[in-house]
Amino acid sequence: MAEITLDGQKVEIADGSMVMHAAEKAGTYIPHFCYHKKLSIAANCRMCLVEVEKAPKPMPACATPVTNGMVVHTRSEKAIKAQQSVMEFLLINHPLDCPICDQGGECQLQDLAVGYGGSSSRYEEEKRVVLHKDVGPLISMEEMSRCIHCTRCVRFGQEVAGVMELGMVHRGEHSEITTVLGDTVDSEVSGNMIDLCPVGALTSKPFRYSARNWELSRRKSVSPHDSTGANLIVQVKNNRVMRVLPLENEAVNECWLADRDRFSYEALNGDDRLTSPMLKQGGEWKTVDWQTALEYVANGLKQIKADHGAGSIGVLASPHSTVEELFLAGRLVRGLGSENIDYRLRNAQFTSSGGVHWLGTSIASLSGLQRVLVIGSNLRKDHPLFSLRIRAAVRKGAQVSRIHDVAHDWAMPVASSVTVPAGQWAQALADVAAAVAQSRGTSSPAQGNATDAAKAIAASLLSGERKAILLGNAAAHHANASTLLALAQWIGEATGATVGFLTEAANTVGAQLVNAMPGQGGLNAGQMLSGSLKAAILLNNEPLHDSAAGARAAEALGKAAMVVTLSPFMANMEFSDVLLPIAPWTETPGTFVNAEGRVQSFHAVVKPLGETRPAWKVLRVLGNMLGLREFNYESAQEVLAAARGAADADKPMVQGDKLSNRTTASIDLSVQAGTPVTAPIYQLDSIVRRAESLQLTADGQAVLPEAGRVLREAREPGVLA
């Protein structure tokens, strides 16, 4: 530790720290642009110049290491004059367009110019002009004349995202931040560059010119997409979601957001929203009131139960639904006498180990891992923020190995990789187990061949200290998922690694906690989607896109006597009989449980659109109309308390040994599995699928090129959408 004097205050800070770190610890603000706590030190803006006693000139606080006894002045005349001089240089070429700049009101340059800028400029020559660049549908680089070359965006791409998509070319006042080859910025976390930009050079293209910063109200929420459970600030104007930004939480998403979390809000304001209940009568859809729609559903369920038995009724629920919605859906179908409920729509195997599958460790600990084995995951696209943490671990020396059917580009070095068809993953893991057993002089749990690749993975896992074996979405959906888990468990115990599932959706863990799975004698999702139901309730999902059955699901559900869809969108119209408009995550209170078992509740940030109602209220009223017991909840908090089995709303939902990846399943290497069904990054759920800008990205067009073409044409001048 070193002790320095900062503006007369004694500050103790670790050796190797910079003056800026000491100032942060002391609560002293030093003006800066290029410095960011999550990025490397560049020291190129020079705004943080401070006076260091015995130094011949002002020193940059972000790049000056502390030494014991150092005396620093951040507000002395020498420091202030140095900072004012830097500000004058920064403003020489900066355009005077604050009134039309999207960054107005939240611009660091604007704020610091008030304190350190002059009242007039001594510069009389023409200002430089930088031509705009088109880098895709998410980031606007149309005013690059505003750029002050802090290089935050460049360093973010290199160090955090793992892809250097932006760089600086030329020298002096001719310097430009550009993609060099005129490419688009295609990173799945590219929107963070917008947050990092301290001026109006990089702005949000979907948000552009739609509202002023000071017109927006800010409300906290939680992402409804992948299992990170990223914390959000949702910005609202006139009861409409205008923008989504990250809410810093070091334990969950740090200060980052995936583009999927940031831009999916576009779908909430789209033309595809369902705003009133609808019934199909004579093959035509007609808008009705809630009473008529719910009576139709209640009477239909009663009649089908009387004619075909309760076992002919089932619920297919999305793991993106809230804890409250999933709990009431389960209580509803079980109240009717059926055990047919399942959230595992994309699974090929439905065995249960009795525990709740989860990450097996904390999200924050991923950044400190030394050895990682990932099985069946396109990590970078399936879990962008987990990928950032593991990439950070790799930068500190961690070794990452994987077993998958495609050698995807993870934007990080992969130490060992086994690329084989999905049907051979179990054998590949058995080979790793054999290599581990051979190294330890023990017997292997299955017949395996210690190949060179298996030995490399085994050697990696047997070295190091902090280790994890992570099963991805494809492994969880695998036809031989239980064997993959059993082998991973054995390897984990033999090498001292934790074993866990990355988990697919925002509430995959929560769905397990409230038992949104079939009970004794109940049908699983695969059986329900094969034509076994007379009445199907689809909660917040579209089986055509969200299930392993795909097109077969539409055919099977088309044979049912009644299909009820609860969705924020006009979905499943080809085979549904009733559409009930339910609120998306921004219009309802609820709770998600992320991959590490963290329970995160949130409030509605805007009023429901049109006649839309929160799904928990719809299910509650439907339960009352069916005469079921325990459906008299007055609030989402009461439903959560019932789901948790506790009256104390602050009591943790996840306790004891509820979270467990342990399995007693036998190892079967004979199973020949097909390719597991997983969702591409921008097809994960019904909201992301309808976010226009995300579908225009390279990842979106790779899946739906025709949709991308239509959307591009609709955006061209003179073409009506």
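Residues numbered from 1 in each chain as written. Predicted model: local features only at pLDDT ≥ 70, side-chain atom pairs only at ≥ 80, totals over all residues. Heavy atoms only, no water.

Overview of the UniProt feature "domain: 4Fe-4S Mo/W bis-MGD-type" (unreviewed entry) in the protein chain
- Taking the numbering used here, the UniProt-annotated feature "domain: 4Fe-4S Mo/W bis-MGD-type" (unreviewed entry) corresponds to residues 216-272.
- Strand forms 35% of residues 216-272 and helix 9%; the C-alpha atoms that close the span are 25 Å apart. (UniProt positions renumbered as here; feature names shortened; annotations may be inferred. Helix = DSSP H or I, 4+ residues; strand = E, 2+ residues; numbered from the N terminus.)

Thoughts on the domain arrangement of the protein chain
- Assigned domains of the protein chain: these are domain 1 (1-92), domain 2 (278-353 + 508-591 + 615-644) and domain 3 (363-501).
- If you average the C-alpha positions of domain 1 and of domain 2, the two centres end up 59 Å apart. (Domains from an automatic or database assignment.)

A closer look at the layout of surface pockets
- The volume enclosed by the largest pocket comes to roughly 880 Å³.
- As for the largest pocket, its lining consists of 33 residues, of which His36, Gln108, Arg152, Asp195 and Leu196 are closest to the centre.
- Among the secondary structure elements, those contributing two or more residues to the lining of the largest pocket are helix 5 (192-196), strand 10 (203-204), strand 12 (231-237), strand 13 (240-246) and helix 6 (259-263).
- Among the residues forming the lining of the largest pocket, the class breakdown is 14 nonpolar, nine polar and ten charged. (1 Å grid on protein atoms, 1.4 Å probe; cavity = no way out; pocket = protein on both sides within 12 Å on 5 of 7 lines; lining within 4 Å. Points joined across faces, edges and corners; volume = space filled by probe spheres on them. Nonpolar A, V, L, I, M, F, W, Y, C, P; charged D, E, K, R; others polar.)

Regarding the UniProt feature "domain: 4Fe-4S His(Cys)3-ligated-type" (unreviewed entry) in the protein chain
- Under the local residue numbering, the UniProt record ascribes the feature "domain: 4Fe-4S His(Cys)3-ligated-type" (unreviewed entry) to residues 78-117.
- Between the end C-alpha atoms of residues 78-117 the distance is 16 Å, and the span holds 60% helix and 0% strand.

Description of the packing of aromatic side chains
- Throughout the structure, instances matching the rule amount to two aromatic pairs.
- Ring centres 5.1 Å apart and planes at 55° place the aromatic pair Phe156 and Trp256 in the tilted group. Of this pair, Phe156 sits in helix 4 (residues 152-161) while Trp256 is found in the loop between strand 13 and helix 6, placing the two residues 100 residues apart along the sequence.
- Residue Trp256 is classed as buried on the basis of its relative accessible area, which comes to 4%.
- Ring centres of Phe592 and Phe602 lie 5.1 Å apart, and the angle between their planes is 35°; on these two criteria the pair is classed as tilted. (Phe/Tyr/Trp six-rings, centres within 6.5 Å; stacked < 30°, edge-to-face > 60°. Buried < 20%, exposed > 50% of the residue type's maximum accessible area, 1.4 Å probe, protein only.)

Re empty space enclosed by the protein
- Enumeration over the complete set of coordinates arrives at two cavities of 30 Å³ or more.
- By volume, the largest cavity amounts to about 90 Å³.
- Lining of the largest cavity is provided by 16 residues; of these, Cys147, Cys150, Cys153, Cys197 and Pro198 occupy positions nearest its centre.
- Within the residue set of the lining of the largest cavity, elements represented by two or more residues are helix 4 and helix 5.
- Of the residues that constitute the lining of the largest cavity, the class distribution is 13 nonpolar, two polar and one charged.
- Taken as a whole, the second largest cavity holds about 40 Å³ of empty space.
- Residues belonging to the lining of the second largest cavity are distributed by class as follows: four nonpolar, three polar and three charged.

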